[in-house]
Amino acid sequence: MEVMYTTTGTATGGRDGHASIADGNLDVKLTAPKELGGPGGDGTNPEQLFACGYSACFLGAMQFAGGQAGISVPAETSVTATVSLGKRDDGNGFTIAVKLQVALPGVDRADAEALVEKAHVVCPYSYATQGNIEVTTELA
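A brief report on the enclosed structure follows. (Residues numbered from 1 in each chain as written. Predicted model: local features only at pLDDT ≥ 70, side-chain atom pairs only at ≥ 80, totals over all residues. Heavy atoms only, no water.)

Overview of the environment of Thr95
By secondary structure assignment, the location of Thr95 is in strand β5 (residues 94–103). Apart from the residues within four sequence positions on either side, Thr95 is in contact with Ser84, Leu85, Gly86, Lys87, Arg88 and Ile133. (Helix = DSSP H or I, 4+ residues; strand = E, 2+ residues; numbered from the N terminus. Contact = heavy atoms within 4.5 Å.)

Rendered as structure tokens:
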């Protein structure tokens with residue numbers, strides 16, 4: 001791998017703790033959701049952070065793919081990632097599943113489908129999760 005960017009994040013306290021990035025641009029309180037036996041309320045959790053990261057990265061991948069294919073990706077384009085956490089079927093821990101809802105207003109359906117397909121090829125989140133977790137994509 002030719003490294004193009006590196007960042008460092010640190011978490012303390014687990015799901016009821018704190019996470020921050022070395023440069024200080026992200027500093028969050030972590031709170032386990034009530035559904036997982038936590039207090040809920042103020043704070044975020046790893047699944048929420050993953051949802052934001054995957055959706056932003058996937059949109060960037062669509063913009064990259066659009067540039068390569070000569071397809072304009074409108075400024076109003078959005079990607080919403082819904083991340084679900086659950087028990088693994090083998091009983092040995094937990095897994096996540098992701099549903100990506102893509103809105104490409106004004107883009108021809110065939111072009112939108114091509115962009116989504118290509119984005120799954122170039123997006124590092126899609127590459128990392130391929131074959132490991134269920135990822136579904138839905139065009140709005």
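Here's the deal with the environment of Lys99
Inspection of the secondary structure puts Lys99 in strand β5. When its relative accessible area of 32% is taken as the criterion, Lys99 is described as partly exposed. For the pair Lys99 and Ser55, spaced 44 residues apart in sequence, the C-alpha to C-alpha distance is 9.9 Å. Setting aside anything within four residues of it in sequence, one finds Lys99 in contact with Thr80, Ala81, Thr82, Thr136 and Glu138. In terms of polar contacts, Lys99 uses its side chain to reach the side chain of Glu138, at 3.3 Å. (Buried < 20%, exposed > 50% of the residue type's maximum accessible area, 1.4 Å probe, protein only. Polar contact = N/O pair within 3.5 Å; in protein donor to acceptor, adjacent residues only side chain to side chain.)

Points about the packing of aromatic side chains
Counting across every chain of the model gives four aromatic pairs. Ring centres of Phe50 and Tyr125 lie 5.6 Å apart, and the angle between their planes is 55 degrees; on these two criteria the pair is classed as tilted. Note that Phe50 is positioned in helix α1 (residues 46–69) and Tyr125 in helix α3 (residues 124–129), a separation of 75 residues in sequence. Residue classification places Phe50 among the partly exposed residues on the basis of a relative accessible area of 22%. Tyr125 sits in the partly exposed class, given a relative accessible area of 29%. Here Tyr54 and Phe58 contribute two aromatic rings whose centre-to-centre distance is 6.4 Å and whose plane-to-plane angle is 70 degrees, an arrangement assigned as edge-to-face. (Phe/Tyr/Trp six-rings, centres within 6.5 Å; stacked < 30°, edge-to-face > 60°.)

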